[in-house]
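# Structural features, examined
Chain residues, written in single-letter form:
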Amino acid sequence: MNFYDLSVEKADGTQYQLSECKGKVVVVVNTATGCGFTPHYKPLEAMYEKYHDQGFEIIDVPCNQFAGQTPGTDEEIHEFCTLKYKTQFPQMKKADVNGETAIPLFKFLKEKKGFEGFGRGVQSLAMGAMLKKIDPDYKNNAEIKWNFTKFVVNKEGEVVARFEPTQSMDDLEKLVANLM
């Protein structure tokens, strides 16, 4: 199985075939509307506007598994994102990214790129301290740790990077630009 064999459910219940992304650089991100990282929507939308016409796509999968920070219906989530952040990239149906109910896309992504740490800085230390209380073994499993974890897929469908929410959005954009 590869990235292009997968699909993900759109908010309207239809399937988004990832084969539509062949030849594109893709960022897949689990999002939340009520999270400290929600402002990541702004640089994500800026990247989308800058690179979309050159073959860049973002797959936004809202998820409510992290402190219930994505309440509301798919319609309410979409309205929030389009009104507050003017997002234009495809938003999928709210879904689970961890555990037995995780959608196949995130099972695949985690299999290809496990957790490698939060990077450096105050936010990274805070995330580590918080997660250690929730899961003392969090460093040793591939599960998504929090909202706005981003996976980068190159034009050949290979998962080339995983960015934790504490990592630099500038570094994410640099990688995307290099892959274009």
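Notes on the structure follow. (Residues numbered from 1 in each chain as written. Predicted model: local features only at pLDDT ≥ 70, side-chain atom pairs only at ≥ 80, totals over all residues. Heavy atoms only, no water.)

### Describing the sheet that holds strand β5 (residues 150-153)
What links the strands of a sheet is backbone hydrogen bonding, and the strands pair in either a parallel or an antiparallel sense. Rules: Two strands make a pair as long as DSSP finds a minimum of two bridges between them. Helix and strand definitions here come from DSSP, where helices need a minimum of 4 consecutive H or I residues and strands a minimum of 2 consecutive E residues; each element is numbered from the N-terminal end. Each axis is a line fitted through C-alpha atoms, and for a helix only the stretch in contact is used; angles between axes span 0 to 180 degrees, taken between their N-to-C directions.
What the four strands build is an open sheet, ordered β4-β3-β5-β6; its pairing is mixed. The sheet terminates laterally at β4 (56-62) and β6 (159-163), the two strands that pair on one side only. Averaged over all neighbouring strand pairs, the angle between strand axes comes to 15 degrees, with direction disregarded. Direction of pairing for strand β3 (residues 25-31) relative to β4: parallel, over a ladder of seven bridges. From the neighbouring strand, V29 faces β4, where its bridge partner is D60.

### Quick look at the packing of helix α1 (residues 41-51) against helix α5 (residues 169-179)
For clarity, the cut-off: Should an angle fall under 35 degrees it is called roughly parallel, over 145 degrees roughly antiparallel, and 65 to 115 degrees roughly perpendicular, with every other angle called oblique. Helix crossings are classified by the rotation of the near helix relative to the far one: an anticlockwise turn of less than a right angle makes the crossing left-handed, while a clockwise turn makes it right-handed. Two residues qualify as a contact provided that any one of their heavy atoms is within 4.5 Å of a heavy atom in the partner residue. Note that Gly is not counted as nonpolar here; it falls among the polar residues with everything else outside the nonpolar set of Ala, Val, Leu, Ile, Met, Phe, Trp, Tyr, Cys and Pro and the charged set of Asp, Glu, Lys and Arg.
Two elements in contact, α1 and α5, have axes separated by 11 Å at closest approach and are oriented at 20 degrees. The angle between the axes of α1 and α5 places the two elements in the roughly parallel class. The interaxial crossing formed by α1 with α5 has right-handed handedness. Residues P43, L44, M47, K50 and Y51 of α1 form the contact with α5, whose participating residues are M169, L172, E173, V176 and A177. The class makeup of the residues in the contact of α1 with α5 is eight nonpolar, no polar and two charged.

### Description of the nonpolar core
Selection rule: For this analysis, a nonpolar core means a set of buried residues of the types Ala, Val, Leu, Ile, Met, Phe, Trp, Tyr and Cys, connected via side-chain atoms within 4.5 Å. Classification of residues uses two cut-offs on accessible area relative to the type maximum, computed with a 1.4 Å probe and protein chains only: under 20% is buried, over 50% is exposed, and between them is partly exposed.
In this structure, F3, I59, L105, F106, L109 and L172 are the most contacted members of the largest nonpolar core, which totals 55 residues. Those residues in contact with F3, other than ones at most four positions away along the chain, are L18, C21, V26, V28, L105, F108, V153 and G157.

### Focus on the packing of aromatic side chains
Any aromatic ring pair is given by two values, namely how distant the centres are and how the planes are angled relative to each other. The criterion, for reference: Centres within 6.5 Å make a pair out of two Phe, Tyr or Trp rings, where for Trp the six-membered ring is used; the pair is then stacked when the planes are under 30 degrees apart, edge-to-face when over 60, and tilted otherwise. Whether a charge sits over a ring depends on NZ of Lys or CZ of Arg being within 6 Å of the ring centre and within 35 degrees of the ring normal.
Counted according to the given criterion, the structure contains twelve aromatic pairs. Centre to centre, the rings of F115 and F118 are 5.0 Å apart; their planes meet at 65 degrees, and the pair counts as edge-to-face. Using a relative accessible area of 12% as the deciding quantity, one classes F115 as buried. One aromatic cluster is present, built from ring pairs that chain together Y41, Y48, F80, Y85, F89 and F148. One residue, K145, lies across the ring of F115, its end atom 4.9 Å from the ring centre.

### Considerations on the environment of S19
Position of S19 relative to the elements: it lies in the loop between β2 (15-17) and β3. Residues S19 and D5 lie 14 residues apart in sequence; the distance between their C-alpha atoms is 6.5 Å. The contacts of S19, once residues within four sequence positions are left out, are Y4 and L6.

### Thoughts on the environment of G13
Here G13 is to be found in the loop between β1 (7-9) and β2. Residue classification places G13 among the partly exposed residues on the basis of a relative accessible area of 39%. Linking G13 and A95, residues 82 residues apart in sequence, is a C-alpha distance of 12 Å.

### Let's talk about helix α4 (residues 122-134)
The condition is simple: The span one expects for a helix is its residue count, reduced by one, times 1.5 Å. Each direction from the helix axis to a C-beta atom contributes to the arc, which is the arc of those directions.
Taking 1.5 Å per residue, 13 residues should reach 18 Å; α4 reaches 19 Å between its end C-alpha atoms and fits that length. What α4 keeps buried is the set S124, M127, G128 and L131. Summarising the axial view, the buried residues of α4 lie within an arc of 100 degrees, below the 170-degree limit, and thus occupy one face. Structural note: α4 exposes V122, L125 and K133 on the side pointing more than 90 degrees away from its buried face.

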